[in-house]
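Here is how the chains run, residue by residue.
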Amino acid sequence: METVATAAYETAYSKPIFAGRTFRGAPVSELDPFTTEIFDDPRVFHDALLNAGPLVWLERHGCWAAARYEIVRSILSDWKTFCSSRGVGLDDFGKVKPIRKQSEILEADPPDHTPLRQVINRVISPVAIKRLTARWTEIAEELVECCLQKGSFDAVTNLAEEFPLTVMPEAIGLKLSRDYLLPYGSFVFTIFGPDNELRRQAFSQAPALLKWLDQQVRRENLTSTGFGAEFYAAADRGEITEYQALVAVRALLGAGLDTTVNTISAAIEALASFPDQWAKLRAQPSLARATFEETLRFDSPLQIFFRTTSRSVTIGEVELQEGEKVAIFFGAANHDPRRWTDPYKFDIERKTAGHVGFGHGIHTCAGQFVARLEGEVLLEVLARLVSSIQVTDPKTIRYNNVLHGAASLPVTMERA
């Protein structure tokens, strides 16, 4: 098994990716994946993990790294061995007192996880979401027209953020301010990382964010129609508790925006970078959904989550004991050449079934169908109304411990 990276990997960062030694037969990395150096472009680090073996020991954080596609899928499929209830962040709730409230959805395993997830799956099912298509298309057309009038604009703030920030509050039934929607979403994800500056900054914002959230999710502050009202109706029928209905609304607010924003902006950047693919989409706007799926694989919005072993298990040649943390690198798995041909090529006609851009298994992103329709609608409108997309200045990264996406992406678009 290789324990030393190639020269290309060694010179990409300020110090080698691997330490040149092993731990339980696996390569050891001294690098911290939760740094701006890797956030800016994780590909070199991901490739090194993929080449190294089934598992890598991340010495800095005392946990394992799983990057290969088949390993990642097998871990996500086996919730009994790789549990979420001990935390999907780096902290192990079986060993340390949580410094944050445990997620009732992401960090719950069956049977506790099942009733609420069943209600969420029904309320925001593909059939239920599809009825929003006409309204969302109308909003997308108005938004793209406004951007075309500007000509040059920030594709993140003016498109990728503005579209979900318009359609999601309406679909949920929010009546109050949307001011904290994006900061709250970023907070929800970045606290799953280690005790670094990003997490400390997030916790410093917690009082204001949680006070705002408490008001948003109350039954009396939601419209009589929308996803929120349907969750509370399920509580009235006794399918879930009143508190679980509140949790469901809170979950959509936390997880229903950032991943969508990141994927939409990534799709725009990819289409500008691969003009042949933009030409395909313009010629056939019905490829909008496929374009969104390829973006989820090509530039995964979710980069890292954790699982904890609940019993001993062997991966490759490494035997894990109960109570060991495993970092799952979704972005790396979606570029594993063992699964994907030419993985760094953006190909909207690629067969993307099985990608882990939204996770896999019982904890697959609950809002994935909402995000998929948002992406499909906006990309289809862009294909119809826009003739060209050019990135005019380098993007900047929005730093988050587990998400990957742009904070800004200056572009110029011309009307079709």
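Here is what the cut-offs are and how they apply
- Residues numbered from 1 in each chain as written.
- Predicted model: local features only at pLDDT ≥ 70, side-chain atom pairs only at ≥ 80, totals over all residues.
- Heavy atoms only, no water.
- Buried < 20%, exposed > 50% of the residue type's maximum accessible area, 1.4 Å probe, protein only.
- Helix = DSSP H or I, 4+ residues; strand = E, 2+ residues; numbered from the N terminus.
- Arc of directions from axis to C-beta.
- Contact = heavy atoms within 4.5 Å.
- Salt bridge = Lys/Arg side-chain N within 4 Å of Asp/Glu carboxyl O.
- Phe/Tyr/Trp six-rings, centres within 6.5 Å; stacked < 30°, edge-to-face > 60°.
- Lys NZ or Arg CZ within 6 Å of the ring centre and 35° of its normal.

Peer 1: Lay out helix H12 (residues 227–236) in plain terms, naming residues and giving numbers.
Peer 2: Residues Phe227, Gly228, Phe231, Tyr232, Ala234 and Ala235 constitute the buried set of H12. Within H12, the buried residues cover an arc of 150° as seen down the axis, which keeps them to one side. Contacts from the buried residues of H12 go to helix H5 (114–123), helix H6 (126–130), helix H9 (162–172), helix H13 (242–255) and helix H18 (368–385). Looking one or two residues beyond H12, the residue adopting positive phi is Gly238, at roughly 85°.

Peer 1: If you had to explain the pattern of salt bridges to someone new, which residues and values would you point to?
Peer 2: All told, the structure shown has 35 salt bridges when counted by the stated rule. Notably, a salt bridge pairs Arg21 with Glu59, separated by 2.8 Å at the nearest N-O pair. With Arg21 in strand E1 (residues 18–23) and Glu59 in the loop between strand E3 (56–58) and strand E4 (63–66), this residue pair connects regions lying 38 residues apart in the sequence. Residue classification places Arg21 among the partly exposed residues on the basis of a relative accessible area of 36%. Among the ionic contacts, a cluster of salt bridges with common partners joins Arg21, Glu30 and Glu59.

Peer 1: Quick one: what's the story with the packing of aromatic side chains, residue by residue and with numbers?
Peer 2: Counted by the stated rule, this structure contains 17 aromatic pairs. Taking 5.3 Å as the distance between ring centres and 65° as the angle between the ring planes, the aromatic pair formed by Phe298 and Phe346 counts as edge-to-face. Here Phe346 lies in the loop between helix H17 (330–333) and H18 and Phe298 lies in helix H16 (residues 288–298), a separation of 48 residues in the sequence. By relative accessible area, Phe346 is classed as buried at 0%. Three or more aromatic residues joined by ring pairs make a cluster, and in this case those are Tyr180, Tyr184, Phe187, Phe203 and Trp212. Sitting above the plane of the Trp340 ring, Arg339 keeps its charged end 4.1 Å from the centroid.

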